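Chains, contacts and geometry: an overview
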Amino acid sequence: MSLLSVRNLVIDYAKTRALDGADLEVAQGETVGLVGESGSGKSTLGSAVGRLLSRAAQRTDGEVVVAGEPVFDLPPDRLRHLRKRHLGFVFQDPIASLDPTMRVGAQLRLVLGRGGDVGFHLARVRLDDPRVTRAYPHQLSGGMAQRVAIAMAMATSPELLVADEPTAALDSQVREEVSNMVFSLAADAGTSILWLSHDLPAVARRCDRVAVMYGGRVVESGPAREVLGRPAHPYTAALAGASPAAAAHGARLEPVPGRPPVLTGPAPGCAFAPRCPFAVERCEHERPEPVKVRDQHVLCHRAEELAERGVHGEPVVHPEVTA
Ligand SMILES: Nc1ncnc2c1ncn2[C@@H]1O[C@H](COP(=O)(O)OP(=O)(O)OP(=O)(O)O)[C@@H](O)[C@H]1O
Ligand SMILES: [Mg+2]
C-alpha cells in the first residue's frame, strides 16, 4: 500500500485552476522528485499533502490519502495528529518557516516535547554550537536556519517529508550540504521524501522515482533514471532537453518553446498540446488517460506510438535487431 496517494486532485484558487486532476503515489521509504516548470502546481500539490493550502484554495475534486487517512475529510484533531505523527515539511524560505519571536532551542523543544534532547537534534544537522540554541531565527544565516527547520521537521521521524525547494534560496556552496543532510537523515529514519525541485540533475542523482507536472497534472512518473534518461512524454523530453545535464552530455540547451498554460477550468484536452511537436487534433479536445510505457505512467495519447519511434523522432533501435 502507498504511504501517500493523491487521486484526481483538483484545486482552484478563485478562478485559477492550480491542480487539474493530479495523481501521485509515494511508497514507504521511497524518495520521489516532483519537477515541472514554474506554475505547474508543485507547491500546491506538496501543500495539499498536509492540507496546508492557503485560504484562497478550494478542493474541487479528488482526494489525498496519507497512511490510510483521507486528509481532506479528517476532523481537526485527527488532522493535527496525522501531521504530527506522519508528516514533516521543509519550505524554500527557512527564516519565514520559523517563529521570529522564539529562540531556536525553545522552538525545537516545543516540537520534541518534554524530555526531548535539543542538543542531539541540532548536532544531527551539524549545529553543535550552543549559541545556536539561544539564537533567534533572524540571527542565523539562511543555511543555518534551514538546518534548524530540517531538524524540526525530522525530529519526530515522520513517515513522509515534503521538501519544497528547500535549497533554492541558499548560497550555492551550502546547497549540496543541506540536500545531503535531508537525504541522509531521511534514509536513517526510513522517511519517504517528496522533493519539489527545478534541479533535474539533482533529482536524477538522488531520487528513486520522479513525477513530472504540467498544467496541474502529473504527466509522467516512473523510475528517475528512466523518466529523465528516456522520457516517454514529449513534455518530459523537452524539459530534460532544456536541462544543463543533458547539455553536458552533448544535447543542445534549449528552453521549452512557448509558455505554460494558466488554467481557469479543466483543460479540454492535453494541456501541453499547444507546445507539443507531436500534437494531433485529438490532443486538443480529449483529455489523456494514463498509459503504461516501459516502467513509466504517461498521460499522452500518442505515448505508445512515440515509444516505438522515439519521443525525439529518432528511430528506436530494437535490441533484437542489433543482437
Ligand atoms: N495563493 C495563491 N493564490 C492564487 N493563485 C495561486 C496561489 N498559489 C498558487 N497559485 C497559482 O496556482 C498555480 C500553481 O502554482 P504553484 O505555486 O503550485 O506552482 P509551482 O509548480 O510550485 O511553481 P514554482 O516552480 O514557481 O514554485 C499557478 O498558476 C499559481 O499562480
Ligand atoms: Mg512552488
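The shown structure was predicted, so the numbers you read here are calculated from the model rather than taken from an experiment.

Here we look at the UniProt feature "domain: ABC transporter" (unreviewed entry) in the protein
As recorded in UniProt, the feature "domain: ABC transporter" (unreviewed entry) lies at residues 4-240. Between the end C-alpha atoms of residues 4-240 the distance is 26 Å, and the span holds 40% helix and 27% strand.

Focus on helix α11 (residues 234-241)
Burial analysis of α11 places seven of its eight residues in the buried class, which makes it a mostly covered element. Listing the buried residues of α11 in full gives Pro234, Tyr235, Thr236, Ala237, Leu239, Ala240 and Gly241.

Notes on the nonpolar core
Counting 62 residues, the largest nonpolar core has Leu122, Val148, Ile150 and Trp195 as its most contacted members. It is helix α7 (residues 142-154) that provides the largest number of residues to this core, a total of eight residues. Aside from chain neighbours lying at most four places away, what touches Val148 is Leu98, Val104, Leu122, Leu127, Val132 and Leu140. Residues Leu24, Leu34, Leu87 and Met213 belong to the second largest nonpolar core, which totals 31 residues.

Side note on the packing of α7 against helix α8 (residues 172-189)
Angle between the axes and distance between the axes are the two parameters that describe a pair of packed helices. At a closest axis distance of 11 Å, the pairing of α7 and α8 adopts a crossing angle of 10°. If you check the angle between α7 and α8, you find them roughly parallel. Only Val174, Glu177, Val178, Met181, Val182, Leu185, Ala186 and Ala189 of α8 make contact with α7, whose side of the interface consists of Gly143, Gln146, Arg147, Ile150 and Met154. Considering only residue class, the contact of α7 with α8 consists of nine nonpolar, two polar and two charged.

Quick word on the packing of helix α4 (residues 104-112) against α7
The geometry of α4 relative to α7 is characterised by a closest axis approach of 9 Å and an angle of 15° between their N-to-C directions. What the angle tells us is that α4 and α7 run roughly parallel. As α4 runs across α7, the sense of the crossing is right-handed. For the pair α4 and α7, contact is made by Val104, Gln107, Leu108 and Val111 and by Val148, Ala151 and Met152, respectively.

Structural notes on unusual backbone geometry
We note that Ser157 has phi near 45°; this positive angle belongs to a residue other than glycine. Along the polypeptide, Ser157 turns up in the loop between α7 and β7 (160-164).

Conventions we followed
- In this convention, every chain numbers its residues from 1, walking through the sequence in written order.
- Numbering of ligands from 1 and lettering of chains from A proceed in the order in which they are written.
- In keeping with the predicted nature of the model, local features appear solely for residues at pLDDT of at least 70, side-chain atom pairs appear and are counted solely at 80 or more, and the whole-chain, interface and lining totals rest on all residues.
- Each side-chain value is derived from all of the structure's non-hydrogen atoms; neither hydrogens nor water enter the calculation.
- UniProt positions are given in the numbering used here, feature names are shortened, and annotations may be inferred rather than shown by experiment.
- Runs of H or I in DSSP of at least four residues are treated as helices and runs of E of at least two as strands, each being numbered from the N terminus.
- With a 1.4 Å probe rolled over the protein chains alone, any residue whose accessible area is under 20% of its type maximum counts as buried; one over 50% counts as exposed, and the rest are partly exposed.
- Here, nonpolar core refers to any group of buried Ala, Val, Leu, Ile, Met, Phe, Trp, Tyr and Cys residues whose side-chain atoms link them within 4.5 Å.
- Any two residues having at least one pair of non-hydrogen atoms within 4.5 Å are treated as being in contact.
- Lines fitted to C-alpha atoms define the axes here, with helix axes fitted over just the stretch in contact, and angles between the N-to-C directions of these axes take values from 0 to 180 degrees.
- The labels follow the angle: roughly parallel below 35 degrees, roughly antiparallel above 145, roughly perpendicular from 65 to 115, and oblique for the rest.
- Note on residue categories: nonpolar means Ala, Val, Leu, Ile, Met, Phe, Trp, Tyr, Cys or Pro, charged means Asp, Glu, Lys or Arg, and polar means any other residue, Gly included.
- Crossing handedness is defined as follows: a turn of the near helix away from the far one that is anticlockwise and smaller than a right angle gives a left-handed crossing, while the clockwise case is right-handed.

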